[in-house]
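# A structural walkthrough
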Amino acid sequence: MNLFTRRRSGPIEWPDLLAMLQKGNFAATVEALRDLDETQRAELGHKLVALRGDAGTWFNPQQATAYAVAAVGCASTAAKAVTVIARRGWPWSAIQPQPVLRAAADRGVPWLGDLATRLAGKLPRDGGSLRSWRLVADLVVATGVPVPTGERFVDGWLLSLQISERNSVVADRLRSSPFTDALLPHAFERDQIVFTVGGHDPDTGKWVTWPGILFAAAALVEEGRFPRADILDRCLDALLAVRPKAVLHAFVSFHDKLAPTEAEVAERTTIYLKLLTDAMGSVATMAQKVLKTAEAAGGVELESLLDASRTVLTRSEKGLVKAQLIWLEKLAKRHPARVAEIAEVVAVAADHPDVQARDRSAAFLAKHAAPGATGVQVVPPEPDLLTAPVGAADMPEPIATPDELAEEIAALDQTDWQTVPFERVLAAVVRMHAADPVGLRAAIAPVMQRAHNRIGDGWWGSEGHRRTVAMFTAVLNKAAGLPFVLDDAARALKGTPADLRLGNSYAKLQGVLTIRLAEIVMRLSTDPVPALVATPTLVNGLLDPAALVERLARAEREGWQPWKRDLRQALYRLPADADPDTLRQARTLTSDAGRTLVEWLETGGAGRPDVRVVRVHRQRAERGRYLEWLPESRFYATSSPDRSGLDPYWLTELAAPSVVNADSSDGLGLAALWPAVLPSQREIVAACLLPLVAGAADLDSGRGNVQLLPLLADLAGPVGPATLTAVAYGLAATQPDERIAALDALMALGGAADFDGGELGAQLARMAGTKLIVLSRVVTQLEEAGRIAPALTWRIASGALGGLLPAETSRPAPGPAITPPASAAPLTRAAARDLAAAFGSAAAAGSAAAPSSVAASGSAAASGSAGASGSAGASGSAGVTAASGAAVRGGGAGADGKAHVTPRGLPDLLTLASTTAAASGSRGEVPGLADLAARKGSTRLVVEAKRLHRTLTTT
């Protein structure tokens, strides 16, 4: 039975209408409202508008449609109808348009167009719901009102062009849309216009993408539907604006698709010059190419070009600057009378950071400039602007009142974990619970209740993370008089940090935190103490031995014993070497804690463990698990304890896993507290953090804990292989912000007397030579380091080259590439037509399957020199296993008959070495450099090798 034809016996009452709405019976609602007069509609509309929305209630599409039908059928104005339809908590994105239009037609609503305009302004800002937009679009088309041009309606229209039926082409959708003429000019201001489509290129067999809507717009321009000049101007306006990189890249492709003529470029020379000087690199490169063509045809004035060149030659993009210099050289040949002016402009590049730009500028000036104006200056060596590591700052004053403690606890729940607030809160909780437990509970209980009795917890944390956070929360809940779990604390106190099964073998330091928190939970009420003895005196976690002696002396005077685990943490925080006067004062203590302290100071604490770095490979298969996302291999640190020292928790005994494992993320967040657990053993802390840091460079996720590396600079102890390897991984991190953090750590550690820059470079060579890291990322950071510390950077670069260049010189010339066939995935018909429209290829539209692609492939093993063992600094030697297979780039076989890997970024490393050697006045030999420099050819690798060789051999 057709519900739209069902008749009611009389006018509907509000309770009956509300029941229909709640059931989502929109068809019955349409029928019930059909025969009502305006008075009856107004009465129902008043109650409908007054109905409160419930943001916590879920409305299905039927309910949302029913309410919209009632709004159109009963509201007296468009504003009141919008109040109902777009009420907060009511998903009007689920409304079906046809019943709403039926109800409006039955009533003959005069303000339906106004409703469409008002709803257009209420659309989601993110263009999120296509159904919301389609409701408004249907109302606009039905009423014939002017098309809304607000950004929300434009975003919805662009979204509708992206989502299509099967075999629908973007260009066809754009042609047939009733909104194209009104909205396309406005769409150039919205980032959503760069929506991309993809398919296999029939010419190359590769998967390619292109901005579908923009390319479809170019097709409409070609058909004459839009003025070409207007669309080109809008494209250039978009390129001039501050937009995301992906958007600008798409508009560059659109500009190339439009292919402006010489006359069009000549009319817009000023705009293209502005793009050349100020726009993003790829946009400036496009403008440079266009201007070159226009200038050759006489469409650009030389004065304007020279003015722009002065700015271009100061830009950081090496390729752009090089191309501009080449262009200026050609201009000098075509305009010999203007050579002096051109030379003045070229001289701007004499101070460019890129050595190739400086060389090209110097060569031009030497050839064309007047005597004494070559732009080349002899400068004395630059000293490194590094200082020896400064001591850590003192801890802030203790928390004074319960109210201040409550504020600190609330702040903990909103920020990342940090040692200083964590330790201050623990110390205040223990001290105030012993002195005034009632006042403490009154102050912090409301805070814990607002935090749902959890602080710093989250579903994203690992099991070990959640366990430690739960223990910290239990401390606060117990102090606040709130429920907490005691069993976990009792179990934690039965073993050592290694017994807690935290998942990560390097998470012993987190185990110390967990055990210490468990002790506080257990002893806070049964055996209270007036103070913790392990609270550090410095922000890096170190504890002044004199302060610990005073705390234990106070305990003896007042007749209480420090807690066992708290005392152990205090001992681990002492520096390795004690002052004789402090030791003499400690020997006056008579308690068990005092004698323990004396024994620790006399033996030198945990001593000097032997830390080494080893390379571990990935297991190929593990019970059917997919492990390809893990790196082929990774460097881990191992440590043998100093048998003459004291180490009750065995924190200095570390063993590498047998295979690369997936437990590196265990402890994320809380790892910021690890350095303060063992602040006098920098190498042990670095060894524990190493798996977390390595993941930032060798995992596809590209996010690790490199932000913790600067904390290593604040610790005590030697800078050995674990620290250097962690810095190496950090410099090669995927994310730029993490590489910057590693650079900060390098600058802080570089001033240490035992920092071995050559060994850091050697480790970088081992990692880059076996493709464990991307060398070009490292070079980018070392270029920044070279501006601050050229001598240090030279030592790092020379150490890396010493491990990489012998492998380059030991291999013969590259052989032919291997080109096996590879099949391509079939195209759908719609994708084939879009591809044909985008690239003008008849083959794409006529075939649904692309031909085979041709790609170079091969296998490789790194050279022996890159994978050999080497010195690892002050703490011992780094044991490094032989390199394994890796992908080939460039071909060529080494001495073992296997293909050799040329790390991407090696020429840049040679350039950096030349720059820093010259700046620091360094001289010497680099293994393999002379042989590489003696080669014939003009590849950049050989050219940069010759440059470095000249720099090192020039007296």
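Residues numbered from 1 in each chain as written. Predicted model: local features only at pLDDT ≥ 70, side-chain atom pairs only at ≥ 80, totals over all residues. Heavy atoms only, no water.

### What to know about the overall build of the protein chain
- When its secondary structure is counted, the protein chain shows 44 helices and ten strands.
- Relative to its 955 residues, the protein chain shows a buried fraction of 52%.
- Across the protein chain, contacts joining residues at least 24 apart in sequence account for 74% of those joining residues at least 6 apart.
- Counting only carbon and sulfur atoms, one obtains 53% of the accessible surface of the protein chain, whose full area is about 41700 Å². (Helix = DSSP H or I, 4+ residues; strand = E, 2+ residues; numbered from the N terminus. Buried < 20%, exposed > 50% of the residue type's maximum accessible area, 1.4 Å probe, protein only. Contact = heavy atoms within 4.5 Å. Areas by Shrake-Rupley, 256 points an atom, 1.4 Å probe, with all protein chains shown as cover.)

### Observations regarding the packing of aromatic side chains
- By the definition in use, this model includes twelve aromatic pairs.
- Ring geometry for Phe188 versus Phe254: centroids 5.7 Å apart, planes at 40°, classification tilted. You can see Phe188 sitting in the loop between α11 (180–187) and β1 (196–200) and its partner Phe254 sitting in helix α14 (residues 245–258), a full 66 residues away along the chain.
- On the accessibility criterion, Phe254 (0% relative accessible area) is buried.
- Ring plane angle 70° and centroid distance 6.2 Å describe the contact between Trp417 and Phe422, whose orientation is recorded as edge-to-face. Residue Trp417 shares its accessibility class with Phe422, and that shared class is buried.
- Of the aromatic side chains, those joined through ring pairs into one cluster are Trp133, Phe153 and Phe179. (Phe/Tyr/Trp six-rings, centres within 6.5 Å; stacked < 30°, edge-to-face > 60°.)

### Quick word on the pattern of salt bridges
- Applying the stated criterion across every chain, the model contains 41 salt bridges.
- Close ionic contact of Asp114 with Arg118 constitutes a salt bridge, the shortest N to O distance being 3.2 Å. Residue Asp114 and its partner Arg118 are located together in helix α7 (residues 112–120), separated by four residues, close to a single helical turn.
- Classification of Asp114 as partly exposed rests on a relative accessible area of 35%.
- Arg118 sits in the partly exposed class, given a relative accessible area of 39%.
- Between Asp307 and Arg310 there is a salt bridge; the shortest N-O distance is 3.0 Å. (Salt bridge = Lys/Arg side-chain N within 4 Å of Asp/Glu carboxyl O.)

### Some remarks on the nonpolar core
- In terms of nonpolar packing, the biggest core is built from 161 residues, with Leu405, Leu597, Tyr729, Leu746 and Leu909 touching the most fellow members.
- It is helix α32 (residues 682–698) that contributes the most residues to this core, twelve residues altogether.
- Leave out the neighbours within four places in its chain, and Leu909 touches Leu775, Val779, Ala797, Ala800, Leu801 and Leu804.
- Counting residues in hydrophobic clusters, the runner-up holds 129 residues, among them Val145, Leu273, Val300 and Leu302. (Core = buried A, V, L, I, M, F, W, Y, C linked by side-chain atoms within 4.5 Å.)

### Structural notes on the side chain of Ser160
- With respect to the secondary-structure elements, Ser160 resides in helix α9 (residues 151–162).
- By relative accessible area, Ser160 is classed as buried at 13%.
- Of note is the side chain of Ser160, whose polar atom sits 2.5 Å from the backbone oxygen of Trp157.
- Contact partners of Ser160, with chain neighbours within four places excluded, come to Leu130 and Trp133. (Polar contact = N/O pair within 3.5 Å; in protein donor to acceptor, adjacent residues only side chain to side chain.)

### Topic: unusual backbone geometry
- The phi torsion at Trp650 lies on the positive side, around 55°, for a residue other than glycine.
- By secondary structure assignment, the location of Trp650 is in the loop between β4 (633–640) and α32.
- Given the relative accessible area of 42%, Trp650 is considered partly exposed.
- One non-glycine residue with positive phi stands out, namely Lys771, at about 60°.
- Topologically, Lys771 is positioned in the loop between α36 (757–769) and α37 (775–788).
- Residue Lys771 is classed as partly exposed on the basis of its relative accessible area, which comes to 42%.

### A closer look at the side chain of Arg107
- Its place among the elements puts Arg107 in helix α6 (residues 97–107).
- Under the relative-accessibility criterion, Arg107 is labelled buried at 16%.
- Within the structure, Arg107 has its side chain in polar contact with the side chain of Glu38 (distance 2.9 Å).
- At 2.9 Å, the side chain of Arg107 forms a polar contact with the backbone oxygen of Val72.

### Details of α11
- Buried residues of α11: Thr180, Leu183, Leu184, Pro185 and Ala187, and no others.
- Where α11 is buried, its residues touch α9, α10 (170–176), α12 (212–223) and α13 (228–240).

### Some thoughts on α6
- Along α6, the residues that are buried comprise Pro97, Pro99, Val100, Leu101, Ala103, Ala104 and Arg107.
- If you follow the buried residues of α6, they end up packed against α2 (26–33), α3 (38–50), α4 (61–74), α7 and α8 (130–143).
- Phi for Gly108, located one or two positions after α6, is positive at around 70°.

### Some remarks on the confidence of the model for the protein chain
- Across the protein chain, pLDDT averages 81, with 80% of residues at or above 70.
- For the stretch residues 839–898, pLDDT sits under 50, and the model shows 148 contacts to residues farther than four places along the chain or on other chains. (pLDDT = per-residue confidence, 0-100.)

### Description of the packing of α13 against helix α16 (residues 269–278)
- Put simply, α13 and α16 touch, their axes get as near as 10 Å, and they point 25° apart. With respect to α16, the element α13 is oriented roughly parallel. The interaxial crossing formed by α13 with α16 has left-handed handedness. On the side of α13, the interface is formed by Leu232, Leu236, Leu239 and Leu240, while α16 contributes Ile271, Tyr272, Lys274 and Leu275.
- Grouping the constituent residues of the contact of α13 with α16 by class yields seven nonpolar, no polar and one charged. (Axes fitted to C-alpha atoms, helices over the stretch in contact; angles between N-to-C directions. Parallel < 35°, antiparallel > 145°, perpendicular 65-115°, else oblique. Left-handed = near helix turned anticlockwise from the far one by under 90°. Nonpolar A, V, L, I, M, F, W, Y, C, P; charged D, E, K, R; others polar.)

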